[in-house]
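# Structural characterization, general
What follows is each chain in one-letter form.
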Amino acid sequence: MDRLSVSTSATIVFLSLIGVLFGQRTCTTTQVSYQTTSSVGYYSEPYSQNYGCGFWDWSRCSRTRYRSRTRAVYRQTAVYRTVCCSGYTGSRCEAVCSPSCRNGGTCSSPNSCSCQSGWTGSICTLPVCPFGCANGGTCTRPRVCSCRSGWTGATCSQPVCNPSCENGGTCTSPNTCTCQNGWSGDSCNNDINECAVDNGGCHHTCHNTAGSFECRCNSGYSLASDGRTCNEPPAVPRNIVVSNVGKRTATVSWVPPPNTFPNQLTAVSAYRICASQNQFQEGNRVVTAGQQSRMYEFTNLEEYTAYFFHVAAFNSFGEGASNDPIEATTLEAAPSAAPLAVQAFPNSSYNITILWSPPPEIDRNGVIIYYEIQLTETENGTEFQWTSPELTTTRGSLHPHFHYEFRVAAHTSIGTGPFSAVETVQTLPAAPTAAPTQLRVSNFDSSTIALVWEPPPFTDRNGDIVRYHIRVTEQETQTIFEYSSTSQHYTLTSLHPYYNYVISIAAETVGVGPFTTGLLQPTMESVPSSAPGNFSMAVVNSTSILLSWSELPLPERNGVVQGYTICLTNVRNGRDTDYSAVSGPYSIVNLHPDFTYRAEVAAVTVVGAGPFSSQIEVRLPEAAPSGPPTHFSVDELSPRSITLKWGYPLEEDRNGVISGFRVRFISNNFTDLEVENATITIEEVKPFTLYYAEVAAFTMVGIGPYTVRIRVLTPEDVPSPVSTTMLEAIQGSPTQLTVQWRPPEEPNGELLAYSVCCRESTQQPLCDCDSAISVSSTSCPCGDLEQDTSYHLQAMFPVGLPHVKVIGGFSPYTNYTCFMTANTSAGESSPGIPHSSTTDESTPADEPQDIMVNSLNSTAILIQWSPPHIPNGIILFYTIYINDSITFNIIAAYQNSFMFGWLSPYQLLNVRLSASTKVGEGPLTESQSVTTDESVPGAVDNLEVLVLNDRPSTSLGPPLSPMEY
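Just so we're clear, the structure is a prediction, and the values are computed from it rather than from any experiment.

### Structural notes on the overall build of the chain
Secondary structure assignment for the chain yields three helices and 73 strands. Counting over 965 residues, the chain shows a buried share of 37%. Of the contacts formed within the chain by residues at least 6 apart in sequence, a portion of 57% connects residues at least 24 apart. For the chain, the accessible area works out to roughly 54,300 Å², and carbon and sulfur atoms hold 50% of it.

Next up, the structure:
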């Protein structure tokens, strides 16, 4: 027989962050509700007619019959709802701003406005002037300033002058003008007479104009660029004197001319001084001196010659008149010029001839008696000096290819004149008389020798060296090689390694000089020129190989073979390892099993290794792994399962193909599990329990070492439900209840706290609160959490004894339903069985409502009201307080209205009310005023009649009281 359990309704809560769709606007869970409808379906069911035999009477049937049965078919419809976060509203959870954004601003986030251009502030009410408002101005609208008095412009930076500034004046601050030159006054309308002071600064005449003035010059003069000075050149300098006259010098001194209008234009800027051999001509001796000069010395005048001197002054208008000429004559002297056309030419490598012409006639200054010749050997500074009455001379016994400097001077009876400019002549070259010096050799490598030398001594070169001759003799073969070089170094290349060479050098000018003494120099060793032969490699075991080879032929060693280098390449990772061997064969151990290796060998001299042999490749057999798996860790962990993961051992530690892994899981005993992949999930573990695990890899040869054992503590889980044993009210404490409970049977972790969730029993639950629903520590479960907010977290208690607590925060005289939950770090347990209790009464929490006080007539009023919103118990009566300026009345009322009479007409009264329970009186209402109706007044009082100035006058007092009914 089929058994079918039917649920008429169900609620499924999916914890889904709708915030992914609307950013952070949707905070709560997405709720899915299902409404179930059913229909009837029919099917046939076999049954035994005789007796029951076996499980469900199916096995021993003597006769089988069929009967019709019905079953329910269910259909569910899902309804989805999304709830916005605080500060958002609408179907798309749009932000809410309170107060709302002004001036076109938009609400971009809760209570945060995004303002349009020109506005700012929390709700976009402050206008923005981007350039500011200066001088106390105020920004009243976007980009609009309201300026203070005296200022205007878009930013209140332009001052206002009233009246405005005239004649080009500028308003620089409110009602303050800055005038142009020539004007004054508050608005720049008063002309200034500049000519009244110091002739206006004019040279000749000053003429005043409106707002200005102008300078004018006398006839024959024009006005200068400064508008004040007339173009008047300076006068003749005074007190001109010629003194200190020598053979070629004379000194002229003077005093500046007078200046009647001193300024920069009329001031003397320079002086012009002339020395001429003709008193009527200026001549070629003209110089200019600065404005501060008062004296000038002429030099380089001609000896024994008459000169005429003139001085004139300059200013910005030109040159003034000069003085009458002053004559002076120079003295006699030695020749003032050197001989002309001085030259020389070499006759041979050892002598030269020098020839020249006399000085110019005007520079001889007398009769030339003889000529003095000076000759200097440039290379070593040796000097020669002699005289000749002729215009030519020859000098011998000189050095080949040396430079000689010479000069010639004329001599009169007074003295020797200046020497001619230094000229140079060089003797002819000759072959060197000595070999090069300081020959030095060095080896660059086994086939190269570098040569460096110095030229022959300077005195033995006898000319410019054009090249050097290099002679090299190879001793082993007695072969001679000839080379040449234009520099003082040379590199011999393509030499044979480890050979002896004899080297000598000679210099060449116009001929080849002697060679140096031969210098013996061997070449350096080199690397071997070929690889060892018969190279082979044999496998010894899974971790070692044996290499062997034959020695090099003697001609190919290029030196003494010091040993052999072996390059072993791990083909799998490309890593090279070098080994050194004195001779073969050679064994290499501690290699990696199942790795392929490639080897080659080369011979080594002191210089290095020669070429390597051809490579040989071999693969070693497998072995058990030599290292544990890597990165062993917990991948996923829950209270009821553990997932472990790891990586394969390092490549160099696998030693073959990994066939699988052995996992050792340890709790109270050892459990070994073998898997092919690098992960395993272990089910049915206990929450908050300590386990240990380790793993090892294995190949076909054997198993490798285990990893370091790791410690795994399963997470905590939520506890089992808490049983509430008592919920009672506390007499005299209307806001407190006493709760008592038992701890959960299965804590599933370390208990952190207990929570009490309560609601008013008058609110109907949306679900069966006895169902087991997971809750958090800040809200209580019951049905659809987003709709039923009747349960609230009332209190949280720390773990410990006793399991009884007093909880508060309740409303007086209210029935509450409460349940208990327990908390671990994993969360909160499902609710326990709820209990109900009613809190004690208290005084009303607020005053009576909807107070209305009305005047019925001139002697009575009517008071009406509603009960308090929060009575906190049964209202037994109301207290009414009525007073005027004299009397005070307190009245108890048991209904919601009261009429108060026996009052006076037109009487002002103040009324207040309060409600009372059995505990006491609640708060009073605000005072309300009422005035009874008016009535006719009483008789006039204090009537008096007086006679004033023979005329009667009447005086009345107010009535004693209003007329009473």
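Picking up where we left off.
### Brief notes about the environment of Pro628
Residue placement: Pro628 occurs in the loop between strand E49 (616–619) and strand E50 (630–637). On the accessibility criterion, Pro628 (33% relative accessible area) is partly exposed. The spatial distance from the C-alpha of Pro628 to the C-alpha of Tyr706 is 5.4 Å, given a sequence separation of 78 residues. Setting aside chain neighbours within four positions, we find Pro628 in contact with Pro649, Pro705, Tyr706 and Thr707.

### A few points about the sheet that holds strand E71 (residues 928–931)
Spatially, four strands are ordered E68-E67-E70-E71 in an open sheet, and the strand pairing comes out antiparallel. A single partner strand is all that each edge strand has here, and the edge strands are strand E68 (888–893) and E71. This sheet shows a mean twist of 25 degrees between the axes of neighbouring strands, independent of strand direction. Relative to strand E70 (residues 908–916), strand E67 (residues 877–883) runs antiparallel, the two being bridged by seven bridges. From the neighbouring strand, Ile882 faces E70, where its bridge partner is Val911.

### A look at the UniProt feature "domain: EGF-like" (unreviewed entry) in the chain
Per the UniProt annotation, the sites labelled "domain: EGF-like" (unreviewed entry) are residues 94–125, 157–189 and 191–231. In residues 157–189, helix accounts for 0% and strand for 33%; the two terminal C-alpha atoms are 25 Å from one another.

### As for the packing of aromatic side chains
Within the structure shown, the criterion is met by 19 aromatic pairs. For the ring pair Trp254 and Tyr271, a centre distance of 5.3 Å and an interplane angle of 50 degrees mean the geometry is tilted. Of this pair, Trp254 sits in strand E21 (residues 250–255) while Tyr271 sits in strand E22 (residues 270–276), and the two are 17 residues apart along the sequence. Here Trp254 and Tyr271 have matching classes, each one buried. Both rings, one in Phe402 and one in Phe458, keep their centres 5.4 Å apart while their planes meet at 40 degrees; by these two values the pair is tilted. Here the residue Phe402 occupies a position in the loop between strand E32 (392–395) and strand E33 (403–411), and Phe458 occupies one in helix H2 (residues 458–461), the gap between them amounting to 56 residues. The partly exposed category is assigned to Phe458, whose relative accessible area is 41%. Counting every residue linked through ring pairs, the aromatic cluster contains Phe632, Trp646, Tyr648 and Phe661. The ring of Trp386 carries the charged tip of Arg395 above its face, separated from the ring centre by 5.0 Å. Note that Arg407 overlies the ring of Phe419, its terminal NZ or CZ placed 4.3 Å from the centroid.

### Looking at the nonpolar core
Core analysis: the biggest nonpolar cluster contains 20 residues, and Ile545, Leu547, Trp549, Ile566, Leu568, Ile588 and Leu591 have the highest contact counts within it. Elements that contribute at least two residues to this core include exactly strand E43 (533–541), strand E44 (544–550), strand E45 (563–570), strand E46 (575–581) and strand E48 (596–604). At four residues, the largest contribution of residues to this core is made by E48. Setting aside residues no more than four positions away along its own chain, Leu568 makes contact with Ile545, Arg575, Asp576, Thr577, Tyr579, Ile588, Leu591, Tyr597, Arg598 and Ala599.

### Some words on the state of the cysteines
For the structure on display, the rule yields 14 disulfides. Sulfur-sulfur distance for the disulfide between Cys147 and Cys156 comes to 2.0 Å. The S-S bond linking Cys147 to Cys156 shows a torsion near -90 degrees; that makes this disulfide left-handed. The exposure class of Cys147 is partly exposed, given its relative accessible area of 27%.

### Section: the pairing of strand E54 (residues 679–683)
Here E54 shows one buried face, formed by Ile680 and Ile682, and one open face, formed by Thr679, Thr681 and Glu683. In this sheet, E54 lies alongside strand E51 (residues 641–647) in antiparallel orientation, the contact comprising five bridges. Looking at E54, one finds that Lys645 is bridged to Thr679.

### Overview of unusual backbone geometry
With an omega of 5 degrees, the peptide bond between Asn162 and Pro163 qualifies as cis. Along the chain, Pro163 falls in the loop between strand E13 (158–159) and strand E14 (170–173). The step from Gly584 to Pro585 runs through a cis peptide bond, and the omega angle for that step is 0 degrees. Positive phi values are uncommon outside glycine, yet Asn244 reaches one of about 50 degrees. Looking at where Asn244 falls in the secondary structure, it is placed in the loop between strand E20 (238–243) and E21. By relative accessible area, which is 58% here, Asn244 ends up exposed.

### Looking at the confidence of the model for the chain
When the pLDDT values of the chain are averaged, the result is 83; 85% of them are 70 or greater. Between residues 1–23, whose pLDDT stays under 50, and residues either more than four places distant or in other chains, the model counts 32 contacts. For residues 960–965, every residue scores under 50 in pLDDT, and the model assigns this stretch 14 contacts once sequence neighbours within four places are set aside.

### Details of the sheet that holds strand E66 (residues 861–866)
Pairing is antiparallel in the open sheet, where three strands are placed in the order E65-E66-E69. Pairing within the sheet leaves two strands with one partner each, and these edge strands are strand E65 (849–855) and strand E69 (897–900). Adjacent strand axes in the sheet meet at a mean angle of 10 degrees when their direction is disregarded. With four bridges connecting them, E66 and E69 associate as antiparallel partners. Bridging across to E69, Ile863 finds its partner in Phe898.

### Description of the pattern of salt bridges
Following the criterion strictly, the structure yields 17 salt bridges and no others. With a closest N to O distance of 2.8 Å, Arg619 and Asp594 form a salt bridge. Of the two residues, Arg619 sits in strand E49 while Asp594 sits in the loop between strand E47 (586–588) and E48, which places them 25 residues apart along the sequence. Residue class for Asp594 comes out buried when judged on its relative accessible area of 5%.

### So, the environment of Glu383
Along the chain, Glu383 turns up in strand E31 (residues 383–388). C-alpha separation for the pair Glu383 and Tyr404, spaced 21 residues apart in sequence, amounts to 9.4 Å. Every residue in contact with Glu383, bar those within four places of it in the chain, is listed here: Leu375 and Thr376.

### A short note on a nonpolar patch on the surface
Together, Phe688, Leu690, Tyr692 and Leu713 make up an exposed nonpolar region whose accessible area comes to about 320 Å². With respect to the element layout, Leu690 can be found in strand E55 (residues 690–698).

### What about the environment of Asp576?
Structurally, Asp576 can be placed in strand E46. Taking the C-alpha atoms as reference points, Asp576 and Tyr597, separated by 21 residues in sequence, lie 9.7 Å from one another. The residues contacting Asp576, other than those within four sequence positions of it, are Cys567, Leu568 and Thr569. In terms of polar contacts, Asp576 uses its side chain to reach the side chain of Thr569, at 2.7 Å.

How each quantity is defined
- Residues numbered from 1 in each chain as written.
- Predicted model: local features only at pLDDT ≥ 70, side-chain atom pairs only at ≥ 80, totals over all residues.
- Heavy atoms only, no water.
- Helix = DSSP H or I, 4+ residues; strand = E, 2+ residues; numbered from the N terminus.
- Buried < 20%, exposed > 50% of the residue type's maximum accessible area, 1.4 Å probe, protein only.
- Contact = heavy atoms within 4.5 Å.
- Areas by Shrake-Rupley, 256 points an atom, 1.4 Å probe, with all protein chains shown as cover.
- Pairing = 2+ DSSP bridges.
- Axes fitted to C-alpha atoms, helices over the stretch in contact; angles between N-to-C directions.
- UniProt positions renumbered as here; feature names shortened; annotations may be inferred.
- Phe/Tyr/Trp six-rings, centres within 6.5 Å; stacked < 30°, edge-to-face > 60°.
- Lys NZ or Arg CZ within 6 Å of the ring centre and 35° of its normal.
- Core = buried A, V, L, I, M, F, W, Y, C linked by side-chain atoms within 4.5 Å.
- Disulfide = S-S within 2.5 Å.
- pLDDT = per-residue confidence, 0-100.
- Salt bridge = Lys/Arg side-chain N within 4 Å of Asp/Glu carboxyl O.
- Patch = residues over 30% accessible without salt bridge, like charges linked within 9 Å, V, L, I, M, F, W, Y side chains within 5 Å.
- Polar contact = N/O pair within 3.5 Å; in protein donor to acceptor, adjacent residues only side chain to side chain.

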